[in-house]
Every structure is written in structure tokens, then in C-alpha cells.
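Secondary and tertiary structure notes
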Amino acid sequence: MVDEKRRDGINTERRKKKILEKLAFLWGKSAIHVFDRGYAGAPWLKILIAYSIQFVIRWKKKHLFYNAKGEKLPLSQMGRGKRSWGHKLLWDFKKHAYVKTGVVAVPVWHGETEKPLWVVIVRQKGEPWYLITDIPIETEEQAWNIVFIYRRRWKIETCFPL
């Protein structure tokens, strides 16, 4: 984790971990925690798994994961050759237009943990999203639920800018 410090000397990463620990104690599995790419990495993933927290993290396309065959590949290659399970027209907040969006999910494993994970690949014009979750995804409906959970994070973030 990045060792950032605020002016008052409190370690930011340690503070985030304490907050997450408290949330895990208070909410347990009743909440799904959603993170953007800044949290994509083994240290944060290990913490989430250690606290048995359900999560969705938008991951970077070049990060390496293992597929069902045990091959270590970048996320951008995990969906190669797999057709989208379905399509929907979703509102693009940046383009202010509806965009045809496809979705597919595949099981993956991170080299630093043994817990099975899933990558939900969200295909639209431009760069696909790679959403890593510990929630089992076996159907199109489950994959869309992850997409909508992540999109809600975006809506909340734009309503409450820091």
C-alpha cells in the first residue's frame, strides 16, 4: 500500500484499513463494498478477503490473473473469444447518450490469494471495464447486477465530489 501521510501525521492507508475493519464488523455480508481502480492491487484485495467483505473493484486491464486453465494473463485477455451473454442500452454519463453495452463474466484467481474471484467484463465503445468481485457470477442477470452496483458508485461519486 502507498504510505501516504496527512498533515496531522496519520497514515492514510492505516486509517482506511481501520474504517474498513469497522464497516466489516458493523455490516458484515449485508453490504457490498465498491472501489475504483485506485484500490486495484494485492494489498487491498488481501484485506477485503481477510475481513470476508463482499466487494466489486474496477481493475486495470494489464494486471495479471489466472484463468480456469491456470494461465497467467492480463485481464484484457480473459474475455477473448467469449461472446457477451447479453446486451443492454445503458446511459453514458460522460457522453450523455445511450450506449450499447455487453457483459460476460469468467472465473479468475489472483496470484496473491487462493479465493476464487470473477471478472465481469463490461463491453462498450471505447475501453472495457474489468470488474473484479468475490460474488459468484454464473448468469447474465448476476453479471448485470455487478455492473449496476458499480455504476451506482459512479453516480454517488459525482453527487458528492471531494
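Residues numbered from 1 in each chain as written. Predicted model: local features only at pLDDT ≥ 70, side-chain atom pairs only at ≥ 80, totals over all residues. Heavy atoms only, no water.

Thoughts on the overall build of the chain
So the rule is basically this: Helix and strand assignments come from DSSP, with helices taken as H or I runs of at least 4 residues and strands as E runs of at least 2, each series counted from the N terminus. When we talk radius of gyration, it's over C-alpha atoms, and the globule rule is simply 2.2 Å times the number of residues to the 0.38. Whether a residue is buried, partly exposed or exposed follows from its accessible area with a 1.4 Å probe, protein chains only, as a fraction of its type maximum: under 20%, in between, or over 50%, in that order. Working rule for contacts: check all heavy atoms of both residues, and any pair within 4.5 Å makes them a contact. Surface accessibility follows the Shrake-Rupley procedure with a 1.4 Å probe radius. Residue values consider only the protein chains on display as shielding. Asp and Glu count as negative and Lys and Arg as positive, but His and the ends of the chain are not part of the count. Throughout, a charge is located at the NZ atom of Lys, the CZ atom of Arg, the CG atom of Asp or the CD atom of Glu.
A tally of regular secondary structure across the chain gives 3 helices and 8 strands. For the chain, the succession of helices and strands along the chain, N to C, is α-β-α-β-β-β-β-β-β-β-α. In terms of overall dimensions, the chain is globule-like: its C-alpha atoms have a radius of gyration of 16 Å, near the 15 Å expected for 162 residues. When each of the 162 residues of the chain is scored for burial, the buried share is 40%. Considering only contacts within the chain whose residues lie at least 6 apart along the sequence, 44% involve residues at least 24 apart. As displayed, the chain has an accessible area near 10200 Å², and 54% of this comes from carbon and sulfur atoms. In the chain, 32 side chains carry a positive charge and 16 a negative one; their mean positions are 4 Å apart.

As for the packing of aromatic side chains
So the rule is basically this: In this scheme Phe, Tyr and Trp rings, the latter by its six-membered ring, pair at centre separations within 6.5 Å, and the angle between planes marks the pair as stacked below 30 degrees, edge-to-face above 60, and tilted otherwise.
All told, the structure shown has 7 aromatic pairs when counted by the stated rule. Centre to centre, the rings of Phe-35 and Trp-44 are 5.7 Å apart; their planes meet at 80°, and the pair counts as edge-to-face. For Phe-35, a relative accessible area of 11% puts it in the buried group. When the centroid spacing of 5.0 Å and the interplanar angle of 50° are considered together, the rings of Tyr-39 and Trp-44 count as tilted. Ring-pair connections join several aromatic residues into one group, and the members of that group are Phe-35, Tyr-39 and Trp-44.

A closer look at the sheet that holds strand S6 (residues 97-108)
Cut-off, in case you're wondering: DSSP-based pairing: two strands are paired if at least 2 bridges between them are found. Whenever a helix is involved, its axis is fitted only over the stretch in contact; in every case the axis is a line through C-alpha atoms, and angles between N-to-C directions fall within 0 to 180 degrees.
Taking strand neighbours across the sheet as the criterion, the 6 strands line up as S1-S2-S8-S7-S6-S5 in an open arrangement whose pairing is mixed. On the outer flanks of this sheet lie strand S1 (32-35) and strand S5 (86-92), each paired with one strand and no other. Each strand of the sheet is rotated relative to its neighbour by a mean of 30°, with strand direction disregarded. Note that strand S2 (residues 54-59) and strand S8 (residues 129-133) share 4 bridges and pair antiparallel. Its bridge partner being in S8, Val-56 is matched across the sheet by Thr-133. With respect to the sheet, helix H2 (residues 42-50) is in contact with S1, S2 and strand S7 (117-123), its orientation differing from that of S2 by roughly 165°.

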